[in-house]
Amino acid sequence: MLGGLAPPAGRLAPGQLRAVTSGLAARRGLWADLVVRDPDVRWYLPLHRSNSCDVWLVAWERGQDTDWHDHGGSSGSFAVAEGCLAEQYRAPGGRRIARRRLAASEAAAFGPAHVHDVGHGGGGPATSIHAYSPPLMAMTYYGATEYGLIAREMVAVDGPEGGARGRGGAGTALAAASASAARLISGSLPAGAPGIDELLAEARSGLARLRPEAAFAALTDGAALVDIRPLEQRIAEGEVPGAIIIGRNVLEWRLDPRSEARIPALARADAQIIVMCSEGYASTLAAATLRRIGLREATDLDGGFQAWKAAGLPARPAQPPR
Ligand SMILES: [Fe+2]
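(A) Spatial organisation of the pattern of salt bridges. Tallied over the full model, the rule gives 15 salt bridges. Of the charged contacts, one joins R209 and D302 as a salt bridge, the two residues approaching to 3.2 Å between their closest N and O atoms. Of this pair, R209 sits in the loop between helix 3 (196-205) and helix 4 (212-220) while D302 sits in the loop between strand 15 (299-300) and helix 8 (304-310); the two residues are 93 residues apart in sequence, bridging distant segments of the chain. Residue class for D302 comes out partly exposed when judged on its relative accessible area of 24%. Between R234 and E239 there is a salt bridge, with the nearest N and O atoms lying 3.8 Å from each other. Here the two residues R234 and E239 agree in accessibility, since each one is buried. Through salt bridges with shared partners, a single network forms among R209, R211, D300 and D302.

(B) Quick look at the packing of aromatic side chains. Tallied over the entire structure, the rule returns two aromatic pairs. With centroids separated by 5.4 Å and ring planes inclined at 75°, the aromatic side chains of Y44 and W56 adopt a geometry described as edge-to-face. Of the two residues, Y44 sits in strand 1 (residues 43-49) while W56 sits in strand 2 (residues 54-60), which places them twelve residues apart along the sequence. Residue Y44 is classed as buried on the basis of its relative accessible area, which comes to 3%.

(C) Broad picture of the sheet that holds strand 4 (residues 84-90). Spatially, three strands are ordered 5-4-7 in an open sheet, and the strand pairing comes out antiparallel. Each edge of the open sheet carries a strand with a single partner, namely strand 5 (97-103) and strand 7 (116-120). Averaged over all pairs of adjacent strands, the angle between strand axes in this sheet comes to 20°, irrespective of strand direction. Inspection of the sheet shows strand 4 paired to strand 5 by seven bridges, in the antiparallel sense. Residue pairing across strands places R90 opposite I97, the latter belonging to strand 5.

(D) Summary view of helix 7 (residues 282-292). Among the residues making up helix 7, those that are buried are S283, T284, A286, A287 and L290. Projected onto a plane normal to the axis of helix 7, the buried residues spread over an arc of 165° and lie on a single side. Positive backbone phi, approximately 110°, marks G294, located one or two places after helix 7.

(E) Representation of the sheet that holds strand 12 (residues 224-227). Overall, parallel pairing links the four strands, which are arranged 13-12-14-15 in an open sheet. A strand with exactly one partner marks an edge of an open sheet, and here the two such strands are strand 13 (244-245) and strand 15. Against the sheet, helix 7 engages strand 14 (273-276) and strand 15, with an angle of about 150° to strand 14.

(F) Focus on the nonpolar core. Ranked by internal contacts, the top residues of the largest apolar core, which has 21 residues, are L2, C53, V55, L57 and I129. Elements with a contribution of two residues or more to this core: helix 1 (14-26), strand 1, strand 2, strand 3 (75-82) and strand 8 (126-133). Looking at this core element by element, the count peaks at four residues for helix 1.

(G) Local environment of the environment of T284. Here T284 is to be found in helix 7. Sequence separation between T284 and A203 is 81 residues, and the spatial gap between their C-alpha atoms is 6.5 Å. The contact partners of T284, leaving out residues within four places of it in the chain, are L200, A203, R204, L207, R209 and D300. One polar contact links T284 to R209, side chain to side chain, over a distance of 3.3 Å.

(H) Geometry of unusual backbone geometry. Across the junction of S133 and P134, the peptide omega takes the value -10°, indicating a cis bond. Topologically, P134 is positioned in the loop between strand 8 and strand 9 (138-145). Of note, D67 is a non-glycine position whose phi angle comes to about 80°, a positive value. Looking at the element boundaries, D67 is found in the loop between strand 2 and strand 3. Phi is positive for S105, which is not a glycine, with a value near 80°.

(I) Geometry of the side chain of H69. Positionally, H69 belongs in the loop between strand 2 and strand 3. Among the polar contacts listed, one links the side chain of H69 to the side chain of T66, at a separation of 3.5 Å. A distance of 3.3 Å separates the side chain of H69 from the side chain of H71, its partner in a polar contact.

(J) Spotlight on the packing of helix 3 against helix 7. At a minimum axis separation of 9 Å, helix 3 and helix 7 run at an interaxial angle of 55°. One finds that helix 3 runs oblique with respect to helix 7. For the element pair helix 3 and helix 7, the recorded crossing hand is left-handed. Along the contact surface, helix 3 presents I196, L199, L200, A203 and R204, while helix 7 presents T284, L285 and A288.

Basis of the calculations
Residues numbered from 1 in each chain as written. Predicted model: local features only at pLDDT ≥ 70, side-chain atom pairs only at ≥ 80, totals over all residues. Heavy atoms only, no water. Salt bridge = Lys/Arg side-chain N within 4 Å of Asp/Glu carboxyl O. Helix = DSSP H or I, 4+ residues; strand = E, 2+ residues; numbered from the N terminus. Buried < 20%, exposed > 50% of the residue type's maximum accessible area, 1.4 Å probe, protein only. Phe/Tyr/Trp six-rings, centres within 6.5 Å; stacked < 30°, edge-to-face > 60°. Pairing = 2+ DSSP bridges. Axes fitted to C-alpha atoms, helices over the stretch in contact; angles between N-to-C directions. Arc of directions from axis to C-beta. Contact = heavy atoms within 4.5 Å. Core = buried A, V, L, I, M, F, W, Y, C linked by side-chain atoms within 4.5 Å. Polar contact = N/O pair within 3.5 Å; in protein donor to acceptor, adjacent residues only side chain to side chain. Parallel < 35°, antiparallel > 145°, perpendicular 65-115°, else oblique. Left-handed = near helix turned anticlockwise from the far one by under 90°.

Limitation: the analysis is restricted to geometry and does not speak to function.
Printed below as a string of structure tokens:
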């Protein structure tokens, strides 16, 4: 497909990726009859994948955009073949947001730290060619907050520029590569090692977990809500007034009654600790560990902060770091 535009192995620099995307964008005969216009969701098609890079064809309709994301450490480039795209990106070395519009036959290239939000730039339908090196594996999405861009979630890639739909699913080279990587990894695990699902089920079997309303009642009865989410997540999601914030990385040291770094009011065998995270998964493992070190009343919030907020219980924007 690439006709010698890119070497089959090795990491490509942004300038080399730009040569790939610009070169392909100019060769309409290679892809023009493949494009599908979908007003509901961005459409894409994988054109090429090697050890050095992957290349995608993307179609954009008015109003479609990607949301803020990075490229999991890959460099990249996109060239506009038809129509116009608008890009917002984090300017190097700062919080400043820069903007640019790319018309047909223009291309952008970026290094591994690039964070951007790309969208349809107005006018008629747009078509673009995207290339990444190394091939895209994962992307992190960001929320735009008053503190700047805050990482929200990391997702395994099933298409370029995320969240779109196309023919990148089952049966493609990308799906085969992911499956073979998973087999390689699981084949080297020690026999009997529990997976995270088993670990979670085991931890839950020993906990009387609390739904938000029951947790709220327990708080008025003297229980303590311990929020273990990182600052970035609290800023993006909000927090519970009165919750005690203890980072997951220091939790056991703060709550073990034998620890020199303990919080005396909480580090007691009979303390009613309710651990809270975002969705109620990490909090289960944390609560189970607290029970192991002797806090026999420790449990966690079923559904986490998300369920708490959905239940209409008290929440507020996160307080700035002091
Ligand atoms: Fe991107």
